[in-house]
Amino acid sequence: MSNPVVLMETSSGDILIELFEDKAPETVKNFLSYVDEGFYSNTIFHRVIKNFMIQGGGYSMRLEEKTTKAPIKNEADNGEKNLTGTIAMARTAAPHSATAQFYINVADNAFLDHRSTADSEYGYCVFGKVIDGIDNVNKIQKLKTKPQGMHDDVPTESVLITNVSRFEV
């Protein structure tokens, strides 16, 4: 396997993720820069929607947003699909607004795929897939959630990302 792999250690168990450097080089470079800086340590999965996705990588346990680098170019036109077990960049409605937050699909979400260069159809960049630990992802997606502050779908039991690091296979 020539693509890089990261180990995401969480309070709900470990998740091993292959990054598609060959399909989303700028996105993987950006993600790994956050990994190498320890940015994801002590962040949470702050948005969990059963049968859809789990989102994290941007907030502390107190739902304080972390400061990020500049947004990156959206590589959603790379041919990868938002299938169960894939990881993609979260963003605002603006296609090229992703920074550090990501989500893991817990269902096939074709409506998130790239369809055209129109803002509303640009899609979300898939840049990797879970290769071990999908059971831990599924455990997280089943958690009860509640609105908290300006956020909906916050797990009532916090899921802490303790560390994300490069992993040699």
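The chain appears in an unreviewed UniProt entry as Peptidyl-prolyl cis-trans isomerase from Desulfovibrio litoralis DSM 11393. Heading Sequence similarities (unreviewed entry) of the UniProt record for the chain holds this comment: "Belongs to the cyclophilin-type PPIase family." Reading the Function (unreviewed entry) entry of the UniProt record for the chain gives the comment "PPIases accelerate the folding of proteins. It catalyzes the cis-trans isomerization of proline imidic peptide bonds in oligopeptides."

## Here we look at the overall build of the chain
Across its full length, the chain carries two helices and 10 strands. Along the chain, from the amino end to the carboxyl end, the secondary structure elements read β-β-α-β-β-β-β-β-α-β-β-β. For the chain, whose C-alpha radius of gyration is 15 Å, the value lies close to the compact-globule estimate of 15 Å for 169 residues. C-alpha extents for the chain along the principal axes are approximately 35 × 35 × 30 Å.

## Overview of unusual backbone geometry
Phi angles above zero are rare outside glycine, and Leu63 is one such case at about 60 degrees. For Leu63, a relative accessible area of 15% corresponds to the buried category. For Asp153, which is not glycine, the phi dihedral falls at a positive 65 degrees. When you line up the elements, Asp153 lands in strand β9 (residues 151-155). Classification of Asp153 by relative accessible area gives partly exposed; the value is 25%.

Rules used throughout
- Residues numbered from 1 in each chain as written.
- Predicted model: local features only at pLDDT ≥ 70, side-chain atom pairs only at ≥ 80, totals over all residues.
- Heavy atoms only, no water.
- UniProt positions renumbered as here; feature names shortened; annotations may be inferred.
- Helix = DSSP H or I, 4+ residues; strand = E, 2+ residues; numbered from the N terminus.
- Rg over C-alpha atoms; globule rule 2.2 N^0.38 Å.
- Buried < 20%, exposed > 50% of the residue type's maximum accessible area, 1.4 Å probe, protein only.

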